[in-house]
Amino acid sequence: YIFFKNFSIFKYKGISLGENSDVDASLREKIYNDNVDSVVQITGMDSNGISSYGSGFVLDKGLVVTTWSKLLSFLNSGNYIYVNDYLGNTYDVSGVVAIDVDYDIAVLKCNKEFGNGVSFNKSDTLKINDNLFMISSKLNNNFSLSYGNFISLNHGKMNNLLLVSDGDIGGALFDVNGAVVGFNVGDSINSELSYGNSTDYLIKL
């Protein structure tokens, strides 16, 4: 049993830690179908051809958001960065539109226009135990949806019960309406308790 003071019910990827049942399959399917063309995997390759992975989401045609820390790791260790969508199409990263180190945001420009820009909702609309959804690709395999729960928000930092791997960093966090309310950051990896940054500042940017 896992007990959190003041928080009574949590779910993680369909494993119930309280009395709630799994998220309805039709809702999961809708979130996935409505947003899969708005998410990407980002790959950095070094001179030996060894790849590392991150995630991102489409802000507008050909503009992709990820974290500054993930981009920096690619720049430090690699010599080539590209983006791929769920159809397997690949796009070169041709430039950087905006960076904010404090909020861990990087907006990248790709060499072609593609995808549909996400819709946003403010993170302060979330309530304890609200579902969060993530669409991501594992090591260039098919994109899939996973889900967990929102726990709290403090100064733009989201605490979530959602398992996040290194390749999920930069990925969008969708609410039940399919709007982006945050994005994964690398503060905690491969732990059921993960962190995200609110997109409130990104909306202003």
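Rules used throughout
- Residues numbered from 1 in each chain as written.
- Predicted model: local features only at pLDDT ≥ 70, side-chain atom pairs only at ≥ 80, totals over all residues.
- Heavy atoms only, no water.
- Helix = DSSP H or I, 4+ residues; strand = E, 2+ residues; numbered from the N terminus.
- Buried < 20%, exposed > 50% of the residue type's maximum accessible area, 1.4 Å probe, protein only.
- Contact = heavy atoms within 4.5 Å.
- Areas by Shrake-Rupley, 256 points an atom, 1.4 Å probe, with all protein chains shown as cover.
- Pairing = 2+ DSSP bridges.
- Axes fitted to C-alpha atoms, helices over the stretch in contact; angles between N-to-C directions.
- Core = buried A, V, L, I, M, F, W, Y, C linked by side-chain atoms within 4.5 Å.
- Phe/Tyr/Trp six-rings, centres within 6.5 Å; stacked < 30°, edge-to-face > 60°.

K.L.:
Help me get a handle on the overall build of the protein, residues and values and all.
P.N.:
Counting secondary structure elements, the protein contains three helices and 14 strands. Counting every position in the protein, which comprises 205 residues, the buried fraction comes to 45%. The long-range share in the protein, meaning contacts at least 24 apart out of those at least 6 apart in sequence, stands at 60%. Only carbon and sulfur atoms are counted for the fraction: they give 48% of the accessible area of the protein, which is about 10000 Å².

K.L.:
Explain the side chain of S55 to me, using residue names and the numbers behind them.
P.N.:
Tracing the backbone shows S55 in strand β4 (residues 51–60). Since its relative accessible area comes to 2%, S55 is described here as buried. When neighbours within four sequence positions are excluded, S55 is seen to be in contact with V40, Q41, I42, V65, T66, S136, G167, D168, I169, G170 and G171.

K.L.:
If you had to explain the pairing of strand β10 (residues 143–154) to someone new, which residues and values would you point to?
P.N.:
Consecutive residues of a regular strand have side chains that alternate between opposite faces of the sheet. Direction of pairing for strand β9 (residues 131–137) relative to β10: antiparallel, over a ladder of seven bridges. Residue pairing across strands places L132 opposite G148, the latter belonging to β10. In this structure, β10 lies alongside strand β11 (residues 157–161), joined through five bridges in antiparallel fashion. If you follow L153 over to β11, its bridge partner there is M158.

K.L.:
Lay out the environment of W68 with the relevant residues and their values.
P.N.:
Within the secondary structure, W68 sits in helix α2 (residues 68–77). Remark: the alpha-carbon pair of W68 and G170, spanning 102 residues in sequence, is separated by 8.6 Å.

K.L.:
Which residues make up the sheet that holds strand β3 (residues 39–45), and what values go with them?
P.N.:
Reading around the circumference, β3-β4-β5-β8-β7-β6 is the order of the six strands in this closed barrel, with antiparallel pairing throughout. In this sheet, adjacent strand axes meet at a mean angle of 45° when their direction is disregarded. Relative to strand β5 (residues 63–66), β4 runs antiparallel, the two sharing three bridges. Counterpart to V58 in the pairing with β5 is V64.

K.L.:
Would you mind going over unusual backbone geometry in detail, with residue names and values included?
P.N.:
One non-glycine residue with positive phi stands out, namely D104, at about 55°. D104 sits in the buried class, given a relative accessible area of 12%. With phi around 80°, N129 is a residue other than glycine that occupies positive phi space. With respect to the element layout, N129 can be found in the loop between β8 (105–110) and β9.

K.L.:
Can you explain the nonpolar core? Please cite residues and give values.
P.N.:
In this structure, F57, V65, I105, F133, I135 and F174 are the most contacted members of the largest nonpolar core, which totals 20 residues. Sorting the residues of this core by element identifies β8, β9, β10, β12 (172–174) and β13 (180–184) as the ones contributing at least two each. Among residues more than four places away in sequence, those in contact with F133 are V23, L27, R28, I31, L145, S146, Y147, A172, L173, F174, D175 and V176. If you look at the next biggest cluster of nonpolar residues, it comprises 14 residues, including I42, V83, Y91 and L108.

K.L.:
Mind laying out the packing of aromatic side chains, listing which residues take part and the relevant values?
P.N.:
Within the structure shown, the criterion is met by four aromatic pairs. Both rings, one in F133 and one in Y147, keep their centres 6.2 Å apart while their planes meet at 40°; by these two values the pair is tilted. Of this pair, F133 sits in strand β9 while Y147 sits in strand β10, and the two are 14 residues apart along the sequence. Note on F133: relative accessible area 0%, which makes it buried. The exposure class of Y147 is buried, given its relative accessible area of 6%.

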